[in-house]
Every structure is written in C-alpha cells, then in structure tokens.
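Architecture and fold: a report
What follows is each chain in one-letter form.
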Amino acid sequence: MILIDRTKTYVKQTLEKDSSGHDWPHVRRVHHHALMIAQEEGGDLLVIELAALLHDIADWKFHRGDDSVGPHVAREWLQKMDVAPDVTEHVCSIIASMSFKGAKTISAKLTLEGQIVQDADRLDAIGAIGIARAFAYGGFSGQPMHDEKLLPKSHQSFEDYKSSKTTTINHFYEKLLLLKDRMNTATAKQLAEDRHEFLEVYLNRFLSEWS
Ligand code: ADP
Ligand code: NI
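Definitions and limits used
Residues numbered from 1 in each chain as written. Chains lettered and ligands numbered in written order. Predicted model: local features only at pLDDT ≥ 70, side-chain atom pairs only at ≥ 80, totals over all residues. Heavy atoms only, no water. Helix = DSSP H or I, 4+ residues; strand = E, 2+ residues; numbered from the N terminus. Contact = heavy atoms within 4.5 Å. Areas by Shrake-Rupley, 256 points an atom, 1.4 Å probe, with all protein chains shown as cover. Near = heavy atom within 4 Å. Polar contact = N/O pair within 3.5 Å; in protein donor to acceptor, adjacent residues only side chain to side chain. Nonpolar A, V, L, I, M, F, W, Y, C, P; charged D, E, K, R; others polar. Buried < 20%, exposed > 50% of the residue type's maximum accessible area, 1.4 Å probe, protein only. Phe/Tyr/Trp six-rings, centres within 6.5 Å; stacked < 30°, edge-to-face > 60°. Donors = N, O, S within 2.8 Å, 3.2 Å for Na, K, Ca; no water. Tetrahedral: all angles 85-135°; square planar, octahedral: opposite > 155°, others 65-115°. Core = buried A, V, L, I, M, F, W, Y, C linked by side-chain atoms within 4.5 Å. Expected span 1.5 Å × (residues − 1). Arc of directions from axis to C-beta.

This next bit is on the overall build of the chain. Helix and strand counts for the chain stand at eleven helices and zero strands. In terms of overall dimensions, the chain has C-alpha extents of about 55 × 35 × 30 Å along its principal axes. Within the chain, residue pairs in contact and separated by at least 24 positions form 69% of the contacts whose partners lie at least 6 positions apart. Surface exposure of the chain reaches about 10,900 Å², of which carbon and sulfur atoms provide 53%.

Now the structure itself:
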C-alpha cells in the first residue's frame, strides 16, 4: 500500500540517526509485532500500522516528556497524506496515550488498536533488545548504569517519573519488570513471558558481577 510505504520511508528518514533506542529498527519491530498480534486479536489494520509506524516520530532528543509533540507531528503527516479525519484522530489519540508514565499512575483507556500497538512497543522494551535499548538510552541521557545508593521509585505521577534521577538498573525495577503484567492482549502476554525471564536472568548476573 502506497500510504504505508511512504510512511515507512518518512519515519526511516526521520529516525535514521537516533541513538537513544527510538531508531528505525525499533519502529520496524513494533510494526512487525503489532501486525503479528493483530492477526490473533483483530483490529483495524490501517490504524494499527499507522500508529505503530508513527508512535515515536517526534524527535526524542528535544521533546522527551512533552507528549503533545508526537501526535502533532503525526497529524501533520497524515493530513499531508490525505488520510481520512477519523483515522487520523484515532492514530493521534493512540500516540498521545500509549506511553508508560510511572508505576503508580492511572493508564488511559485504549482502543483495541491502541492496546495492540502499546503491547508491540512494550515487547521491544524487554528481552535482549529491551536491555540494549535501556543501556543505549541511559548513555544517551547521561545517567549512571548503576548506583546502589539510589533506590528504585514507584512513581505516582508522570511529572515525577520523567524528572526523577534514576539509573539504568533502577529503570528495570521502575518499568521493565512491570511490563509483563501490563500487557493488554493475551498474545502479547504470552510473548512477554520469555523476554521477562531473560530480564531476570540478566539482572541477577549483572548484580553479582557488580558486587
Ligand atoms: P514508552 O515506550 O512507554 O513511551 P519510552 O519511550 O520512555 O517508553 O521508552 C523507550 C525506551 O527507552 C524503552 O526501551 C525504555 O526502557 C527506555 N528508557 C526510558 N527511560 C529510561 C531510563 N530512565 N533509563 C533507561 N532506559 C530508559
Ligand atoms: Ni517506541
């Protein structure tokens, strides 16, 4: 489909130089996983594909924490492509509400399509790739890998989550290890099991080598 192909090219060009873990290969995997989950769970494929491809489109380096920029940039692209307004609105509302915002924050209610794209994104935050992305992000943002004196937090608000000082190892406790039980669909829950186990094995090994 021309719209999907052009969107892929646009996203690929935009995220090509990213080194924070929000790169084109991440988006390609999210797109692939979203299609895989949709095969089992259903949903509107056009909305799912567009939301998966555009979910990280806003430049992460400049807009981290401002969740209005992503939907805005996506809307501009979809309008330029003459996508139907209801599809555009649905895609943008998914992008606006799918992000993890802290362990104790209340999550927005997502449509089936939103749930599928969120699950696909979260699968890429766990397992071997998820670990690599966490350390890539940690290096990119300048936080330490680990610090025994800084304990993990269970954030009550998005403000607190995005502004808190943390380490990459703490990020495992603050987000990555929680994702398995927060998958929306049965298909993603199953895919998450194995990746979650690998996180635990890796963490134990990291902490034993550290000490
Ligand atoms: P979401 O996908 O829920 O919107 P983010 O975009 O914030 O979440 O996270 C994208 C990637 O960056 C994930 O792989 C995540 O684990 C990683 N990441 C985010 N914040 C941190 C952090 N403080 N330390 C290490 N990795 C992080
Ligand atoms: Ni993502």
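Residues in close proximity to ligand 1 total 15 residues, the closest being Ser 99, Asp 121, Gln 143, His 171 and Lys 175. Here an oxygen atom of ligand 1 sits 2.8 Å away from a polar atom, N or O, in the side chain of Asp 121. Between a nitrogen atom of ligand 1 and a side-chain N or O atom of Gln 143, the distance comes to 2.7 Å. Compared with its free state, where it exposes 550 Å², ligand 1 has 95% of that area covered by protein. Examining the composition of the shell around ligand 1, we find that three residues originate from one element, helix 8 (residues 127-141), more than from any other. The residue inventory of the shell around ligand 1, partitioned by class, reads six nonpolar, five polar and four charged.

Moving on, we get to the environment of Ala 74. Along the chain, Ala 74 falls in helix 5 (residues 69-80). Counting along the chain gives 50 residues from Ala 74 to Trp 24, while the straight-line C-alpha distance between them is 15 Å. Residues contacting Ala 74, with those up to four places away along its chain left out, are Leu 54, Ile 57, Cys 92 and Ile 95.

Okay, the side chain of Thr 167 next. Its location among the elements puts Thr 167 in the loop between helix 9 (158-163) and helix 10 (168-174). Thr 167 gets classed as buried once you look at its relative accessible area, which sits at 0%. A polar atom in the side chain of Thr 167 sits 2.9 Å from the backbone nitrogen of Asn 170. Aside from chain neighbours lying at most four places away, what touches Thr 167 is Gln 143, Pro 144, Met 145, His 146, Asp 147 and Leu 150.

What follows is about the packing of aromatic side chains. Counting across every chain of the model gives eight aromatic pairs. With a centroid separation of 6.3 Å and an interplanar angle of 70°, the aromatic rings of Phe 135 and Tyr 202 are classed as edge-to-face. Placement of the pair is Phe 135 in helix 8 and Tyr 202 in helix 11 (residues 186-210), with a sequence separation of 67 residues. Considering the side-chain rings of Tyr 137 and Phe 140, the 6.4 Å spacing of their centres and the 50° angle between planes classify their relative orientation as tilted.

Turning our eyes to something else, we now look at the coordination of the nickel ion (ligand 2). In this structure, His 26 (NE2), His 55 (NE2), Asp 56 (OD) and Asp 121 (OD) serve as the protein donors to the nickel ion (ligand 2), at separations of 2.1 to 2.3 Å. In this structure, the nickel ion (ligand 2) is coordinated by four donor atoms arranged in irregular fashion, with angles at the metal of 83 to 172°. When the donors of the nickel ion (ligand 2) are listed by position in the chain, the intervening gaps give H-x28-H-D-x64-D. Of this pair, His 26 sits in helix 2 (residues 24-41) while Asp 121 sits in helix 7 (residues 112-123), and the two are 95 residues apart along the sequence.

Before going further, it helps to examine the nonpolar core. The biggest cluster of nonpolar side chains holds 55 residues, and the ones touching the most others in it are Val 11, Leu 50, Leu 54, Leu 78, Val 91, Phe 172 and Leu 176. Of the residues forming this core, the biggest block, seven residues, is contributed by helix 3 (residues 45-54). Not counting residues up to four positions away in its chain, the partners in contact with Leu 78 are Leu 50, Leu 54, Val 83, Thr 88, Val 91 and Cys 92.

To continue, consider helix 6 (residues 85-97). One full turn of an α-helix is made of 3.6 residues, so residues set three or four places apart face in the same direction. The end-to-end C-alpha distance of helix 6 is 18 Å, a good match for the 18 Å that 13 residues give at a rise of 1.5 Å each. Those residues of helix 6 that sit buried are Val 87, Thr 88, Val 91, Cys 92, Ile 94 and Ile 95. Axial view of helix 6: buried residues confined to an arc of 155°, hence all on one face. Opposite the buried face of helix 6, at more than 90 degrees from it, the exposed residues are Pro 85 and Asp 86. If you follow the buried residues of helix 6, they end up packed against helix 3, helix 5 and helix 7.

Next up on the list: the environment of Glu 209. Here Glu 209 lies in helix 11. In sequence terms Glu 209 and Ala 51 are 158 residues apart; their C-alpha atoms lie 40 Å from each other.

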